[in-house]
Amino acid sequence: MSRSNETSEQEIVSRLQQSMKALDDVCEPAEIPSLASLESRVKEHRRIKRRAHLVEMLCFWLVASLVIALGTLLFVSSPVVFLGIQVLGTVLAVIAATLWFIRQRREMAHHE
């Protein structure tokens, strides 16, 4: 390397060091939390998540039991209506799947 390249590199390095020192002076040092505080945060987070999951599970079981009870009641009181709803749901699902499949094929053909 030539002498001028070394001098310019040294100038750049010294400017970078000065800028880093100025940045260090402006910024406050980061506070590293203690292990105990981190563990307490994790425990609190787990407790909150566990409670949220418990509430979600209870809501799921409540809704599921209501749906099963209403389905059973509907089947017992009017089997024709119950079977009609089942057939209608199946037909709508087949139509939706067919339309989705056709749309996907058209998009594939369009991209080619």
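Residues numbered from 1 in each chain as written. Predicted model: local features only at pLDDT ≥ 70, side-chain atom pairs only at ≥ 80, totals over all residues. Heavy atoms only, no water.

**Student:** Could you clarify how one ought to interpret the packing of aromatic side chains in this entry?
**Tutor:** To describe a pair of aromatic rings, one takes the distance between the centres and the angle between the planes. Under the definition given, this model contains two aromatic pairs. Seen from their ring centres, Phe60 and Trp61 are 5.8 Å apart, and the 75 degrees between their planes marks the pair as edge-to-face. A residue is classified by how much of its surface remains accessible, and Trp61, at 55% relative accessible area, is exposed. Aromatic pair Phe75 and Phe82: ring centres 5.1 Å apart, planes at 70 degrees, arrangement edge-to-face. Residue Phe75 is classed as partly exposed on the basis of its relative accessible area of 40%. (Phe/Tyr/Trp six-rings, centres within 6.5 Å; stacked < 30°, edge-to-face > 60°. Buried < 20%, exposed > 50% of the residue type's maximum accessible area, 1.4 Å probe, protein only.)

**Student:** I tried to follow the pattern of salt bridges on my own but got confused; where do I start?
**Tutor:** If charged atoms from side chains of opposite charge come close, those side chains can pair. All chains considered together, the criterion is met by three salt bridges. A salt bridge links Arg15 to Glu11; the shortest N-O distance between them is 3.7 Å. With Arg15 and Glu11 both in helix H1 (residues 3-26) and four residues apart, this pair spans about one turn of that helix. By relative accessible area, Arg15 is classed as exposed at 52%. With a closest N to O distance of 2.7 Å, Arg47 and Glu44 form a salt bridge. Of the two residues, Arg47 and Glu44 are both situated in helix H2 (residues 35-77); the distance of three residues between them amounts to about one turn of the helix. By relative accessible area, which is 46% here, Arg47 ends up partly exposed. (Salt bridge = Lys/Arg side-chain N within 4 Å of Asp/Glu carboxyl O. Helix = DSSP H or I, 4+ residues; strand = E, 2+ residues; numbered from the N terminus.)

**Student:** Would you mind showing me how to read the packing of H2 against helix H3 (residues 79-111) here?
**Tutor:** In a packed pair of helices, the relevant descriptors are the angle between the two axes and the axis-to-axis distance. Axis separation between H2 and H3 bottoms out at 5 Å; the angle between their running directions is 125 degrees. Between H2 and H3, the interaxial angle falls into the category oblique. Facing Gly71, Leu74, Phe75, Val76 and Ser77 of H2, the residues of H3 in contact are Pro79, Val81, Phe82 and Ile85. Considering only residue class, the contact of H2 with H3 consists of seven nonpolar, two polar and no charged. (Axes fitted to C-alpha atoms, helices over the stretch in contact; angles between N-to-C directions. Parallel < 35°, antiparallel > 145°, perpendicular 65-115°, else oblique. Contact = heavy atoms within 4.5 Å. Nonpolar A, V, L, I, M, F, W, Y, C, P; charged D, E, K, R; others polar.)

**Student:** So what exactly am I meant to see when it comes to a nonpolar patch on the surface here?
**Tutor:** Taken together, the side chains of Val87, Leu88, Val91, Leu92, Ile95, Leu99, Trp100, Phe101 and Ile102 present a nonpolar region at the surface, about 900 Å² in accessible area. Take Ile102: it is sitting in helix H3. The class of Ile102 is partly exposed, set by a relative accessible area of 37%. (Patch = residues over 30% accessible without salt bridge, like charges linked within 9 Å, V, L, I, M, F, W, Y side chains within 5 Å. Areas by Shrake-Rupley, 256 points an atom, 1.4 Å probe, with all protein chains shown as cover.)

**Student:** Would you explain the confidence of the model for the chain in this entry?
**Tutor:** Note that predicted coordinates carrying low pLDDT should not be read in detail. For the chain, per-residue confidence averages 89 on the pLDDT scale, and residues scoring 70 or more make up 97% of the total. Considering each helix and strand of the chain separately, the mean pLDDT is smallest for H1, with a value of 86, and largest for H2, with 94. (pLDDT = per-residue confidence, 0-100.)

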